[in-house]
Amino acid sequence: MRGLTTKRLLTAIVGGCLSLMAPLALADYEGPKLKLRLAHTAPPGNHITLAYQKFADLAKEKSNNKIQIQVLPNAILGSDRVLIEGAQRGTLEIGVSSTPNLANFSKAFQTFDLPYITSIKNQNKLYEAINPGGPIYEYLEAESNKIGLQPIMYAEYGYRHFVSANKPLNSAIDLAGLKMRTTDSPVEIDVAKALNTNPAPIAWGEVYTALQQRTVDAEGNTFPHLTGAKHDEVLKYAITSAHNYGMQVAMANKKWWDGLHPDTRRVLQEAALEAVTHQRKVLWPENEKQARASFEEKGIKIHDATEEDLAEFKKLTQPVYDSYAAQLPSELIELIRATQE
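Every chain is numbered independently, its residues counted from 1 as its sequence is written. With the structure being a predicted model, the display of local features is reserved for residues of pLDDT at least 70 and the display and counting of side-chain atom pairs for 80 or more, all residues being used for whole-chain, interface and lining totals. With hydrogens and water set aside, each side-chain value is computed from the structure's full complement of heavy atoms.

Undergrad: Lay out unusual backbone geometry in plain terms, naming residues and giving numbers.
TA: With a phi angle near 60 degrees, Asn64 is a residue other than glycine that sits in the positive phi range. Strands are runs of DSSP state E lasting at least two residues, helices are runs of H or I lasting at least four, and both sets are numbered from the N terminus onward. Positionally, Asn64 belongs in the loop between α2 (47-62) and β2 (67-72). Only protein chains enter the calculation, and the probe is 1.4 Å; a residue is then buried if its accessible area is under 20% of its type maximum, exposed if over 50%, and partly exposed in between. With a relative accessible area of 43%, Asn64 lands in the partly exposed category. Notably, Asn196 is not glycine yet its phi reads approximately 65 degrees, a positive angle. By relative accessible area, which is 49% here, Asn196 ends up partly exposed.

Written out as structure tokens, the structure is:
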């Protein structure tokens, strides 16, 4: 390829992956023009939406305007499940899903649903393992390939906290008796039961009305996702339980991905890593700060969980962890645990 030295080319061949080569200069891109769609469910303004737009902008820049990515947010093309099914069929180039919803396609992703398997204080170690070349990345890539998918970008979703529409939350005990909205994730449902709440799996788009009409009393989600969906208009209390970590994973159709020009794949890989790094360092922290400020402006009382509070949450949910960990890939669990030491 023009503009590539023998040394750089050999590095790529020996490593078995073009992504090991130094980034291409704009004039070096030799791939064809390409237009593709990336669809996800996060609302406009959310750090997830901004991260995928950053990915699109970088891909365009690095390819000298040859790669055009249309980012479709806010569930325009459907739910997480619909988007991943579209990617599998090849009717959508890249679909995005949260890790809990990806568990419907591969049990490996259910591992991240385990309560307190990760912690905010060890987040940078986790990033290193999830980035290309890291052990968790390689494990999940292999699992995804088995179901016709290729991971492109592990966008940050963040840590979920419990919130309530009508009852103060100052400890794990305060959740008892509440009707808790959950996803379809079996782990999330059993966590809700372990905390003595009554789980109610409800589609995300229906939760605002459910809270408003008191069909449900509480839910667990990130502050930015809650403010983006305007749930802060009907919520009154929150506790920073950080009980569950999630990502919004961009998945491409594997056959489509393999058929791309090598330069095209490399530009998309480089753009994805740069975009997610920017999201983790800038977009996510800023959005978290803004969302918390919005909570406070609307009068939502936030209890910042103490170490004792978190210990109680962990104690109550440990049986759920143990039960599901026995059913999930032990190798992946150990890889994640290694990032928490």
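From this point on, the discussion continues.
Undergrad: Please set out the pattern of salt bridges residue by residue, giving values where relevant.
TA: Opposite charge on two side chains makes pairing possible when the charged atoms of those side chains draw close. By definition here, a salt bridge exists when the distance from a side-chain nitrogen of Lys or Arg to a carboxyl oxygen of Asp or Glu is within 4 Å. Summed over the entire model, instances satisfying the criterion amount to 11 salt bridges. As a salt-bridge pair, Glu85 and Arg81 come within 3.8 Å of each other at their nearest N and O atoms. A residue pair is termed a helical-turn pair when its members lie 3 or 4 positions apart in one helix, as Glu85 and Arg81 do in helix α3 (residues 80-89) at four residues. Across the pair Asp304 and Arg292 runs a salt bridge whose closest N-O atoms are separated by 2.8 Å. Within this pair, whereas Asp304 is found in the loop between β9 (301-303) and α12 (307-325), its partner Arg292 is found in helix α11 (residues 262-297), the two being separated by 12 residues in sequence.

Undergrad: Tell me about the environment of Leu169, and name the residues and values.
TA: Position of Leu169 among the secondary structure elements: in the loop between β4 (149-164) and β5 (179-182). Judged by its relative accessible area of 2%, Leu169 falls in the buried class. Along the backbone, Leu169 and Ala238 are 69 residues apart, and their C-alpha atoms lie at a distance of 6.0 Å. The criterion used for residue contact is that any of the two residues' heavy atoms lie within 4.5 Å. Setting aside residues up to four positions removed in sequence, Leu169 forms contacts with Phe162, Val163, Ser164, Asp174, Leu175, Leu178, Tyr237, Ala238, Ile239 and His303.

Undergrad: I'd like a rundown of the side chain of Glu143, residues and numbers included.
TA: For Glu143, the location among the structural elements is in helix α6 (residues 135-145). Taking relative accessible area as the criterion, Glu143 reaches 18% and is therefore assigned buried. A distance of 2.9 Å separates the side chain of Glu143 from the side chain of Lys146, its partner in a polar contact. Setting aside residues no more than four positions away along its own chain, Glu143 makes contact with Ser106 and Ala108. We call two N or O atoms a polar contact when they sit within 3.5 Å, provided that within protein one can donate a hydrogen and the other can accept it, with sequence-adjacent residues counted only if both atoms are side-chain atoms.

Undergrad: Lay out the environment of Val71 with the relevant residues and their values.
TA: Relative to the assigned elements, Val71 resides in strand β2. You can call Val71 buried: its relative accessible area is 14%. Dropping the residues within four chain positions of it, Val71 is found in contact with Leu38, His40, Tyr52, Gln53 and Ala56.

Functional significance is not addressed by these values, which are geometric in nature.
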